[in-house]
Amino acid sequence: MKYFAGIDIGSTAIKIALVDTDKNLIGHKISASGSMFYKYAKQTLKDMLEELNIAPEDVVYTVATGYGRKLFKEADENISEITANALGARAAAEGQCNIKTIINIGGQDSKAISLDEDGNVVNFAMNDRCAAGTGKFLDVVAMNLELEVDELGAYHFKSQGTPLAINSTCAVFAESEIIGLLGNNNSVEDIVAGVHYSIAKRIIKLVKRVGIKEGIYFDGGPALNKGLVHAIENELSREIFIPKFPQITTAYGAAILAHESHSYENG
Ligand code: ADP
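Residues numbered from 1 in each chain as written. Predicted model: local features only at pLDDT ≥ 70, side-chain atom pairs only at ≥ 80, totals over all residues. Heavy atoms only, no water.

So, the site of the ligand
Then comes step 1: Surveying the vicinity of the ligand reveals 17 residues, the closest of which are Thr12, Lys15, Gly107, Asp139 and Gln247.
Then comes step 2: Within the side chain of Lys15, one N or O atom sits 2.6 Å away from an oxygen atom of the ligand.
Then comes step 3: At a separation of 3.5 Å, an oxygen atom of the ligand approaches a polar backbone atom of Pro222.
Then comes step 4: Within the complex, 85% of the 580 Å² of free accessible area of the ligand lies under protein.
Then comes step 5: Secondary structure elements with two or more residues in the shell around the ligand: strand E2 (13-19) and helix H3 (135-144).
Then comes step 6: The residue makeup of the shell around the ligand, split by class, is 5 nonpolar, 9 polar and 3 charged.
Then comes step 7: When residues of the shell around the ligand are assigned to domains, at least three fall in each of domain 1 (1-93 + 247-267) and domain 2 (98-242). (Near = heavy atom within 4 Å. Polar contact = N/O pair within 3.5 Å; in protein donor to acceptor, adjacent residues only side chain to side chain. Areas by Shrake-Rupley, 256 points an atom, 1.4 Å probe, with all protein chains shown as cover. Helix = DSSP H or I, 4+ residues; strand = E, 2+ residues; numbered from the N terminus. Nonpolar A, V, L, I, M, F, W, Y, C, P; charged D, E, K, R; others polar. Domains from an automatic or database assignment.)

This is how it looks when you write it as structure tokens:
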């Protein structure tokens, strides 16, 4: 059996997806990027193949993507996150949502990608200068509130009344603002909801730069946070589609491209 791997070396997490000859997703693995992307990416691939009981030589083509893609020298090819994200998103939503707008929130950046009728990328906008509106911001908020990042969603839904406004546009100032809100006896739940709405507002500004077209899809690690999804849907007044494995769709897109490139080279 032949397999095709996609490796997404993100600023925060390494994601690996493996597809078979029918482009079915047969396994994936996520680990922290740490400071040695290359070493951890190799280890993550090794661990995933061992868990799936697949010999490394059966992985016949590998495509790397993401922030650290050029460091993974063993890859047969590397592609931009935008291309990989669009490919993976379309495959993950196939038959469920005709995607026209992709929202991706990563560890240290956020993106909005606009697709045409045929699913080709026509435009994109990116925020990689400011931590507010990224996963990093959520990580810092969780740490300040003594929570794990995967607990934020549940706290959001326990919030009562109007979510608190977080007015600082910079993550560093927002952190002090949150500490101030805690000091003024606001509940953790209301602060969490306020943070989600502040990120939602920022993301929508970014999406407006490419145009909001129906068929709205959201992925990246923060899409696992149902509270954030709820805030974005409320701010947009539209439903958004979340794939089954939102953190690995860019890796999945790279794996699909690995399959296509291998087929092209080998007829
Ligand atoms: P990158 O590709 O830039 O490394 P990811 O798409 O992997 O980023 O997203 C990483 C972010 O996802 C983390 O900073 C964290 O905020 C968020 N995240 C990861 N796992 C979860 C989870 N289980 N629940 C909520 N948020 C999560």
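That shown, we press on.
Considering unusual backbone geometry
Then comes step 1: In the Ramachandran plot, Lys23 falls in the positive-phi region, its phi being about 65° despite a non-glycine side chain.
Then comes step 2: Tracing the chain through its elements places Lys23 in the loop between E2 and strand E3 (25-32).
Then comes step 3: Even without being glycine, Asn185 reaches a positive phi, approximately 70°.
Then comes step 4: On the secondary structure map, Asn185 appears in the loop between helix H5 (171-183) and helix H6 (188-210).

Some remarks on the domain arrangement of the chain
A common measure of how large an interface is: the accessible area buried when the components associate.
Then comes step 1: Here the chain is described as being made up of domain 1 (1-93 + 247-267) and domain 2 (98-242).
Then comes step 2: Look at where the C-alpha atoms of domain 1 and domain 2 centre, and you get two points 26 Å apart.
Then comes step 3: Surface buried jointly by domain 1 and domain 2 totals about 1300 Å² across both partners, of which 62% is contributed by carbon and sulfur atoms.
Then comes step 4: Seen at the junction of domain 1 and domain 2, the total is 0 salt bridges.
Then comes step 5: Where domain 1 packs against domain 2, one counts 4 residue pairs in polar contact (both at pLDDT 80 or more).
Then comes step 6: Those elements that provide at least two residues to the side of domain 1 that touches domain 2 are helix H2 (81-92) and helix H8 (249-266). (Buried area = accessible area lost by both parts, 1.4 Å probe. Salt bridge = Lys/Arg side-chain N within 4 Å of Asp/Glu carboxyl O.)

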